[in-house]
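# Understanding the architecture of this molecule
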Amino acid sequence: MPEAPEVEVVRLGLASGLTGRRFAEVAVGRDRVVRRTSRTALIAGLTGARVDEVDRHGKYLIIGLDTGRSAMIHLRMSGQVLLVDGDAGAPAHTHVDARLDDGRRMLFVDPRTFGEVVVFDPMRVADEVPELARLGPDPLRDGLDLAALRAGLRSRRRALKPLLLDQSFIAGIGNIYADEICHRARLRPTRRSDGLGLAAERRLASAIVDVLREAVAAGGSTLSDAQYVGVDGRPGEFQREHRVHARPGARCSTCGRGRIRRSTVAQRGTYHCPVCQR
Ligand SMILES: [Zn+2]
């Protein structure tokens with residue numbers, strides 16, 4: 001599932017390809033992609049609207065339109081947003097095909113159909129897309145305030161991994177980056193958040209920002225399911241730099257001694273080095 005770095009790479013591609021363009025003609029092939037509104041509402045909300053900006057909060061893309069409304073895109077498990085030439089064929093499972101006023105097209109492709117595209121009123125976000133209103137800070141977009149992070153870690157009193165996955169705590173971290181962040185911070189995913197101490201809290205804050213930024217710079221992570229790609233259809237490269245995630249039995253590249261161990265934490269496959277993560 002794409003996490004903040006992958007969605008950020010998509011955002012960068014959309015920002016350069018969509019900003020200032022208008023949606024000239026919009027086709028929606030499947031109701032499921034607009035499950036909380038309707039095909040008619042999505043087509044009406046996009047058609048004729050000019051893109052003023054492309055923002056992101058956590059795993060949500062938010063396209064600001066000159067109509068005062070915004071389009072939210074969530075990729076979920078397998079969604080892709082592609083920018084293609086006007087005469088390009090649409091891949092299987094294309095659910096939204098939006099032609100721009102420069103002749104190019106934005107496609108929303110989603111084989112597993114958990115993803116979503118919806119046009120909403122940002123003034124009524126808490127009613128129309130309530131999960132957006134509940135998101136915590138986004139470390140890539142907003143930076144990470146150490147004092148706020150420390151207060152949050154101390155008050156939540158949870159194991160680190162499920163806390164990092166909690167989108168109301170920090171927006172955008174999923175299963176891959178939670179593992180990589182815990183490893184970078186040399187903390188076990190099961191460590192309790194309220195007993196870390198200042199040095200570990202600082203390591204965690206740096207690890208969150210560093211891992212997410214490095215992942216964006218490498219174009220995000222494309223796992224063996226190959227479902228995440230950028231708007232140009234290219235996969236990411238950061239999976240080659242994963243130090244623990246999905247590498248059971250491999251020798252830890254940080255300490256050179258531990259073997260990466262797989263366990264289940266918060267019902268998710270979790271990877272850590274038993275030597276350098278305490
Ligand atoms: Zn290690």
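Quick caveat: nothing in here was measured; it's all calculated off a predicted structure. (Residues numbered from 1 in each chain as written. Predicted model: local features only at pLDDT ≥ 70, side-chain atom pairs only at ≥ 80, totals over all residues. Heavy atoms only, no water.)

## Observations regarding the coordination of the zinc ion
Applicable threshold: Because no water is among the atoms considered, metal sites can look incomplete, with donors defined as N, O and S atoms within 2.8 Å of the metal, or 3.2 Å for Na, K and Ca. Irregular is the label for any site that misses the other tests, which are tetrahedral for four donors with all angles between 85 and 135 degrees, and square planar for four donors or octahedral for six when opposite donors exceed 155 degrees and the remaining angles lie between 65 and 115.
The protein atoms that coordinate the zinc ion are Cys252 (SG), Cys255 (SG), Cys273 (SG) and Cys276 (SG), at distances of 2.3 to 2.4 Å. Relative to the metal, the four donor atoms surrounding the zinc ion lie at angles of 104 to 124 degrees, and the coordination shape comes out tetrahedral.

## Re the packing of helix H8 (residues 175-184) against helix H9 (residues 198-217)
Which entries qualify depends on this criterion: Lines fitted to the C-alpha atoms define the axes, with helices restricted to the stretch that makes contact. Angles between their N-to-C directions range from 0 to 180 degrees. Elements are defined by DSSP. Helices are runs of H or I of four residues or more, strands are runs of E of two residues or more, and each kind is numbered from the N terminus. Here the word oblique covers every angle except those under 35 degrees (roughly parallel), over 145 (roughly antiparallel) and from 65 to 115 (roughly perpendicular). For any helix crossing, the convention is left-handed if the near helix is rotated counterclockwise from the far helix by under a right angle, and right-handed if that rotation is clockwise. Contact definition: two residues touch when any of their heavy atoms are within 4.5 Å.
One way to put it is that H8 packs onto H9 with a least axis distance of 8 Å and a crossing angle of 130 degrees. Taken together, the axes of H8 and H9 lie oblique to each other. The two elements H8 and H9 cross, and the hand of that crossing is right-handed. Facing Tyr177, Glu180, Ile181 and Arg184 of H8, the residues of H9 in contact are Leu204, Ala207, Ile208, Asp210, Val211, Leu212, Glu214 and Ala215.

## Comments concerning the sheet that holds strand S5 (residues 80-84)
Note the following rule: DSSP-based pairing: two strands are paired if at least 2 bridges between them are found.
Spatial strand order, S1-S6-S7-S5: four strands in an open sheet with antiparallel pairing. Lying at the two open borders of the sheet, with one neighbouring strand each, are strand S1 (23-28) and S5. Neighbour-to-neighbour, the strand axes of this sheet turn through a mean angle of 15 degrees, independent of strand direction. Bridge analysis of strand S6 (residues 94-100) against strand S7 (residues 105-109) gives five bridges, and the strand direction is antiparallel. Looking at the pairing, Arg99 lines up with Arg105 of S7.

## Here we look at the side chain of Glu201
Within the secondary structure, Glu201 is located in helix H9. Residues contacting Glu201, with those up to four places away along its chain left out, are Leu146, Leu149, Arg150, Leu153, Arg154 and Leu196.

## A closer look at the nonpolar core
Put simply, the rule reads: Put simply, a nonpolar core is a bunch of buried Ala, Val, Leu, Ile, Met, Phe, Trp, Tyr and Cys residues held in one set by side-chain atoms that sit within 4.5 Å of each other. Accessible area is worked out with a 1.4 Å probe on protein chains only. A residue is then buried under 20% of its type maximum, exposed over 50%, and partly exposed in between. Domain delimitation in this document rests on an assignment produced automatically or drawn from a domain database.
Leu14, Leu18, Phe23, Ile73 and Val81 are the most contacted members of the largest nonpolar core, which totals 33 residues. The biggest single contributor to this core is helix H1 (residues 4-18), with five residues. A domain split of this core shows at least three residues from each of domain 1 (4-133) and domain 2 (139-272). If sequence neighbours within four positions are ignored, Phe23 has contacts with Leu18, Leu46, Thr47, Gly48, Ala49, Val51, Leu65, Ala98, Arg99, Leu100 and Met106. Counting 27 residues, the second-largest nonpolar core is a separate cluster that includes Leu164, Phe169, Val211 and Phe238.

## Side note on the sheet that holds strand S3 (residues 60-65)
The strand order across the open sheet built from four strands is S2-S3-S4-S8, with neighbouring strands paired in antiparallel fashion. Edge positions in the sheet fall to strand S2 (51-57) and strand S8 (116-120), since each of these pairs with one other strand and no more. Ignoring which end each strand starts from, the neighbouring axes of this sheet average 20 degrees apart. Of the pairings in the sheet, the one linking S2 to S3 comprises six bridges and is antiparallel in character. In the strand pairing of S3, Asp55 is matched with Ile62. The sheet strands contacting helix H2 (residues 39-46) are S3, strand S4 (70-74) and S8, and the helix crosses S8 at an angle near 60 degrees.

## Examining the domain arrangement of the protein chain
Inclusion rule: The term buried area refers to how much accessible surface (probe radius 1.4 Å) is lost by two components on association, counted for both of them together. One speaks of a salt bridge when a side-chain nitrogen belonging to Lys or Arg is within 4 Å of a carboxyl oxygen belonging to Asp or Glu. As used in this structure description, the phrase polar contact means that two N or O atoms lie within 3.5 Å; if the pair is within protein, one of them must be able to donate a hydrogen and the other to accept it, and residues adjacent in sequence are counted only when both atoms belong to side chains.
The domains assigned to the protein chain are domain 1 (4-133) and domain 2 (139-272). For domain 1 and domain 2, the distance between their C-alpha centroids amounts to 28 Å. Taken residue by residue, the interface counts 22 residues in domain 1 and 21 residues in domain 2. Contact between domain 1 and domain 2 buries roughly 1700 Å² in total, counting both sides, with carbon and sulfur atoms accounting for 62%. Its largest share of buried area at the contact with domain 2, domain 1 owes to Pro5, Glu6 and Val9, together 31% of the area lost on that side. Counting across the interface, domain 1 meets domain 2 through one salt bridge. Across the pair Arg141 and Asp55 runs a salt bridge whose closest N-O atoms are separated by 3.0 Å. Where domain 1 meets domain 2, there are seven residue pairs in polar contact (both at pLDDT 80 or more). When residues of the side of domain 1 that touches domain 2 are traced back to their parent elements, those giving at least two are H1, S2 and S5. A per-element tally of the side of domain 1 that touches domain 2 places H1 first, with nine residues.

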